[in-house]
Amino acid sequence: MKQNEARNLTMMMDLYELTMANGYFNDQDKDVKVAFDVFYRRNPDDGGFAIFAGLEQIVEYIENLHFGEEDIAYLQSLHIFTEDFLNYLKDFEFKGDVYAFKEGTVMYPNEPIMTIVAPLIDAQLVETAILAQINHQSLIATKTRRIVKAANGRAVSDFGARRAHNNDAAVYGARAAYIGGAVGTATVLAGQMFDIPVSGTMAHSWVMYYKDEFEAFKHYAENYPDGTVLLVDTYDVIKSGIPNAIRVAKEVLEPMGKRLKGIRIDSGDLAYLSKKIRKMLDKAELQDCKIIVSNSLDERTITSIMDQGGQVDSFGVGERLITAKSDPVFGAVYKIAAVMENGVFVPRIKISENIEKITNPGLKDVYRIYDESGHAVADLITRADEEPDMSVPYRYVDPEKPWKNRYFTGCRAVKLQHPVIQGGKLVTKLDSLDEIKKRVKEQLGSEIWEEEQRFENPHRHYLDMSPEYYEMKMSLLHDSRE
């Protein structure tokens, strides 16, 4: 099931994209080719990296981009667009090229994770939809990865739908969480759309509906004997919940040849309670019964629980995952990098008093540089017509210390951007969600330094430049001085 099978999201754009497009059309500039880069300026939560997510939905949007009769009628009602422009939109199809990192690639600030090379209007109209997908899904995937790291091998599930900002945020947030390492979701629509494993047991209302806790547990076990997980904190975890869960295990499940699969606690001191519960379950010969905890969890609270010796097998993480509560803005931007003049792309650069807002101009490639052990030591920006030769020591420029002579020795370079759409048509097979998830795990398991993955003061991944690219950027800056 794709996002646009039931609705047309073409009008998911800022008004200024349409006003600019109308102006370009009227000035007869609509067919000028341009290049726009998508990049972001800092990692969420001051972390060491981020995870690229949302590419599949961007492709779906572009493939389905068209203005229907209702769209045209609405735009006419605004009385700001020419009739010729609106007639042009009636037959509009995206005709450009899209180059992007593979979804699930670990990424870093200020490098072009996606480049759109297209006629001016085409490139302008897709800005908002592209940023909306990347900003949301990359944020949630990155946050989830932090939570998964804190869980240290224990399962993390997405429980966030009811606290998400809306229905789409819940569904696509579940997709992003799965990419980031969650084992599944409680959101049924996400399971249906993306084949993500779904899980769920009961709410407190189930327990409160019956006259007593044991009866509630008994009815649940009889309905779901192969997957009985009991919520034990409705009344009193230690005095009531766990004793009743053990009683159900012995009196209801074991006579059926079944085992109590797990218990869940959703309140209280989770570290303390999990340790007490583990002892009670083990004493009752329920060593295989899993302890699942939830309740306002994130990487900080999970780390604290584990540091205190918490006996937890699985974490259900809701609001702080699905909203990325600690840092809820990703901040990817969409900036013009080059304009074709007389058949040649001429670089454009944005100047700012804030150094971090000066853009990297021109058509470019970005490479990941690996040392002999397979670790990613830096990323490298080059001009699009360059190919770094790593068979000899390769001189590069650190843009923060350009006066130093530095070389990559014994390294290999892997280009990160790949063609996704050309001439408006998909030209590559998109990876499955499990392939994307695996890519994240493999990179963080063997390629990305552990020092970049720590929560406090992570090592900064270097973004270097080829000498040719650096000189081109400096030349543009010099020429732009007043």
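Participant: How do you make sense of the overall build of the chain when you look at a structure like this?
Facilitator: Looking only at helices and strands, one finds 17 helices and 21 strands in the chain. Along the first, second and third principal axes, the C-alpha atoms of the chain reach 85 × 60 × 40 Å. Residues counted as buried form 52% of the 482 residues belonging to the chain. By sequence separation, contacts in the chain at least 24 residues apart represent 73% of the contacts at least 6 residues apart. Carbon and sulfur atoms make up 49% of the accessible area of the chain, which amounts to about 22500 Å² in all.

Participant: I would appreciate a short explanation of the nonpolar core in the present structure.
Facilitator: In summary, soluble globular proteins display a tendency toward joint burial of nonpolar side chains. The biggest cluster of nonpolar side chains holds 129 residues, and the ones touching the most others in it are Val38, Phe85, Leu89, Met114, Ile116, Ile263 and Phe315. The element contributing the most residues to this core is helix 6 (residues 127-151), with 11 residues. Once you skip the residues sitting within four places of it in the chain, Leu89 turns out to touch Leu18, Phe67, Ile72, Leu75 and Leu125. Residues Tyr367, Leu380, Tyr394 and Phe408 belong to the second largest nonpolar core, which totals 9 residues.

Participant: Honestly, the pattern of salt bridges in this entry has me stumped. Any pointers?
Facilitator: Under the criterion given, the structure shown has 33 salt bridges. Salt-bridge contacts for Arg439 lead to Asp431; the nearest nitrogen and oxygen are separated by 2.9 Å. The buried category is assigned to Arg439, whose relative accessible area is 18%. Exposure remark for Asp431: the relative accessible area of 22% places this residue in the partly exposed category.

Participant: Looking at this model, I keep getting lost on the sheet that holds strand 10 (residues 290-293). Mind explaining?
Facilitator: By definition, the strands of a sheet pair up through backbone hydrogen bonds, in either a parallel or an antiparallel sense. One open sheet accounts for 6 strands, arranged 7-6-11-10-9-8; its pairing is parallel. Two strands lie at the open edges of the sheet, namely strand 7 (184-185) and strand 8 (229-231), each paired on one side alone. As paired strands, strand 6 (residues 155-158) and strand 11 (residues 314-317) are joined by 4 bridges and run parallel to one another. In the strand pairing of strand 11, Ala155 is matched with Ser314. Across the sheet, helix 12 (residues 270-283) is in contact with strand 9 (262-265) and strand 10; its angle to strand 9 comes to roughly 155°.

Participant: Is there a simple way to think about the side chain of Gln124 in this case?
Facilitator: Along the chain, the position of Gln124 falls in helix 5 (residues 120-125). Relative accessible area serves as the criterion here: at 4%, Gln124 is assigned to the buried category. Once residues lying within four places of it in the same chain are set aside, the contact partners of Gln124 are Glu17, Met20, Tyr24 and Phe36.

Participant: Help me out: how do you make sense of the packing of helix 10 (residues 213-223) against helix 11 (residues 237-253) in this one?
Facilitator: Packed helices, taken two at a time, are described by the angle between their axes plus the distance between the axes. With their axes 9 Å apart at the nearest point, helix 10 and helix 11 run at an angle of 40° to one another. Here helix 10 lies oblique to helix 11, going by the angle between them. Crossing geometry of helix 10 relative to helix 11 is assigned as right-handed. Where helix 10 approaches helix 11, its residues Glu213, Phe214, Phe217, Lys218, Ala221 and Glu222 are matched on the opposing element by Ser240, Gly241, Asn244, Ala245, Arg247, Val248, Glu251, Val252 and Leu253. When its residues are assigned to classes, the contact of helix 10 with helix 11 shows 7 nonpolar, 3 polar and 5 charged.

Participant: How should the pairing of strand 10 be read in this particular structure?
Facilitator: Moving residue by residue along a regular strand, the side chains alternate between the two faces of the sheet. Two elements, strand 9 and strand 10, share 4 bridges in a ladder whose sense is parallel. Across the sheet, Arg264 pairs through a bridge with Ile292, a residue of strand 10. The parallel pair strand 9 and strand 10 is bridged by helix 12, and the resulting crossover is right-handed. Pairing of strand 10 with strand 11, which is carried by 2 bridges, proceeds in the parallel orientation. Counted as the bridge partner of Ile292 is Ser314 from strand 11. The parallel pair strand 10 and strand 11 is bridged by helix 13 (residues 299-307), and the resulting crossover is right-handed.

Participant: What am I meant to see in helix 7 (residues 167-180) here?
Facilitator: Along an α-helix, residues three or four apart share an orientation, since each turn contains 3.6 residues. In a regular helix each residue adds 1.5 Å, so 14 residues correspond to 20 Å; helix 7 covers 20 Å between its end C-alpha atoms and thus fits that length. Listing the buried residues of helix 7 in full gives Ala169, Ala170, Val171, Tyr172, Gly173, Ala174, Arg175, Ala176, Ala177, Tyr178, Ile179 and Gly180. At the N-terminal end of helix 7, a side-chain oxygen is found 3.1 Å from the backbone nitrogen of Asp168, two or three residues along, and the residue is Asn166. Phi turns positive, to about 125°, at Gly181, one or two residues after helix 7.

Participant: What is the right way to look at the packing of helix 7 against helix 15 (residues 433-447) in this model?
Facilitator: Running from amino to carboxyl end, helix 7 crosses helix 15 at an angle of 45°, the nearest separation of the two axes being 7 Å. The angle between helix 7 and helix 15 places the two elements in the oblique class. On helix 15, the residues touching Arg175, Tyr178 and Ile179 of helix 7 are Leu433, Asp434, Ile436, Lys437 and Val440. Looking at the contact of helix 7 with helix 15 residue by residue, the classes come out as 5 nonpolar, no polar and 3 charged.

Participant: It is not clear to me how the environment of Thr382 should be interpreted in this structure. Could you clarify?
Facilitator: Counting through the fold element by element, Thr382 comes out in strand 15 (residues 376-383). A C-alpha to C-alpha distance of 8.3 Å links Thr382 and Tyr470, two positions 88 residues apart in sequence.

Participant: Honestly, the packing of aromatic side chains in this entry has me stumped. Any pointers?
Facilitator: Think of a pair of aromatic rings as described by two things: how far the centres are apart, and how the planes are tilted against each other in angle. Taken as a whole and judged by the stated rule, the model has 14 aromatic pairs. Ring geometry for Phe25 and Tyr88: centres 5.1 Å apart, planes at 40°, overall tilted. Of this pair, Phe25 sits in helix 1 (residues 15-26) while Tyr88 sits in helix 4 (residues 83-90), and the two are 63 residues apart along the sequence. Note on Phe25: relative accessible area 17%, which makes it buried. Judged by centre distance (5.0 Å) and plane angle (85°), the rings of Tyr209 and Tyr210 are edge-to-face. Overall, the relative accessible area of 66% leaves Tyr209 in the exposed class. Taking the relative accessible area as the measure of exposure, Tyr210 reaches 16% and is therefore buried. Every member of this aromatic cluster is reached through a ring pair, and the members are Phe25, Phe67, Phe81, Phe85, Tyr88 and Phe92.

Reading guide: rules and limits
Residues numbered from 1 in each chain as written. Predicted model: local features only at pLDDT ≥ 70, side-chain atom pairs only at ≥ 80, totals over all residues. Heavy atoms only, no water. Helix = DSSP H or I, 4+ residues; strand = E, 2+ residues; numbered from the N terminus. Buried < 20%, exposed > 50% of the residue type's maximum accessible area, 1.4 Å probe, protein only. Contact = heavy atoms within 4.5 Å. Areas by Shrake-Rupley, 256 points an atom, 1.4 Å probe, with all protein chains shown as cover. Core = buried A, V, L, I, M, F, W, Y, C linked by side-chain atoms within 4.5 Å. Salt bridge = Lys/Arg side-chain N within 4 Å of Asp/Glu carboxyl O. Pairing = 2+ DSSP bridges. Axes fitted to C-alpha atoms, helices over the stretch in contact; angles between N-to-C directions. Parallel < 35°, antiparallel > 145°, perpendicular 65-115°, else oblique. Left-handed = near helix turned anticlockwise from the far one by under 90°. Nonpolar A, V, L, I, M, F, W, Y, C, P; charged D, E, K, R; others polar. Right-handed = clockwise from strand over helix to strand, strands pointing away. Expected span 1.5 Å × (residues − 1). Polar contact = N/O pair within 3.5 Å; in protein donor to acceptor, adjacent residues only side chain to side chain. Phe/Tyr/Trp six-rings, centres within 6.5 Å; stacked < 30°, edge-to-face > 60°.

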